[in-house]
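Observations on the model geometry
Residue-level listing of the chains:
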Amino acid sequence: GAGVYDAGLATRQRVDHRLDALARAQKYSPQNPDIDMALARAYQKNERMPEALAAAQSAIQKQPRRAEFRDTMADLYLAAGEQEKACDEARLAIKVTRDALQKSAIDLDSLRKLSKYYDTYRRALNASLATSKIPTAIRIDLAKAIAEHAKLSRTITLSEALQVLQEIPADKRNDVL
């Protein structure tokens, strides 16, 4: 009874305090897209989806090639029931990350982020299946995403193994292989 109410009230007050603090930070640093994205997440937690979407869109307008912003936007669209837009944003997160990986050395953190973006894309595609008039096209996209995600997971596992192997003295590596 009262304990649950008190806990809910305390959580709401923390979220309201966080929103106030972020709004003040945004006034002092209006060009900072990270503040916009933090506001978007806070609004989402407070179930204020129109404000969450607007704040995330503001962040994306400032830095359109930030894959994590696109992934968060996809999550927000999923929460708002806009599966097609969620799919579009998730695809963009994947594309931006893949483009960056082609231009630089492949690092494990980037591969893990890409894997997370594939998770988001798969969730968006699965949500789209329920409402789609063209489920076959979505199933094809989903099958491709699952296959790409599986290849990526294998790459991550092999990269992790290689990291461990590199830390073993050269004369002891034959014991592993």
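Coordinates for the structure precede this section.
Here's a quick rundown of the structure. Computed from a prediction, not measured in an experiment: that's the story for all the values here.

**So, the nonpolar core**
- By size, the foremost hydrophobic cluster in this structure holds 43 residues, and its most contacted members are Met 73, Leu 76, Tyr 121 and Leu 125.
- Broken down by secondary-structure element, the contributors of at least two residues to this core are α1 (2–28), α2 (33–45), α3 (49–62), α4 (67–79), α5 (83–103), α6 (108–131) and α7 (135–166).
- Considering each element in turn, this core owes the most residues, eight residues, to α6.
- When near neighbours in sequence (up to four residues on either side) are disregarded, Tyr 121 contacts Cys 87, Ala 90, Arg 91, Ile 94, Asp 141 and Ala 145.

**A closer look at the side chain of Ser 128**
- Checked against the element boundaries, Ser 128 lands in helix α6.
- Its relative accessible area of 7% is what places Ser 128 among the buried residues.

**As for the pattern of salt bridges**
- This model, assessed by the stated rule, comprises 15 salt bridges.
- Of the charged contacts in the structure, one is a salt bridge between Asp 34 and Arg 66, with a shortest N-O distance of 2.7 Å. On the criterion of sequence distance, the pair formed by Asp 34 in helix α2 and Arg 66 in the loop between α3 and α4 is long-range, its members being 32 residues apart.
- By relative accessible area, Asp 34 is classed as partly exposed at 38%.
- Measuring nitrogen to oxygen at the nearest pair gives 2.7 Å for the salt bridge that ties Glu 160 to Arg 112. Of this pair, Glu 160 sits in helix α7 while Arg 112 sits in helix α6; the two residues are 48 residues apart in sequence, bridging distant segments of the chain.
- One salt-bridge network, held together by shared partners, links Asp 34, Arg 66 and Glu 68.

Analysis parameters
- Residues numbered from 1 in each chain as written.
- Predicted model: local features only at pLDDT ≥ 70, side-chain atom pairs only at ≥ 80, totals over all residues.
- Heavy atoms only, no water.
- Core = buried A, V, L, I, M, F, W, Y, C linked by side-chain atoms within 4.5 Å.
- Buried < 20%, exposed > 50% of the residue type's maximum accessible area, 1.4 Å probe, protein only.
- Helix = DSSP H or I, 4+ residues; strand = E, 2+ residues; numbered from the N terminus.
- Contact = heavy atoms within 4.5 Å.
- Salt bridge = Lys/Arg side-chain N within 4 Å of Asp/Glu carboxyl O.

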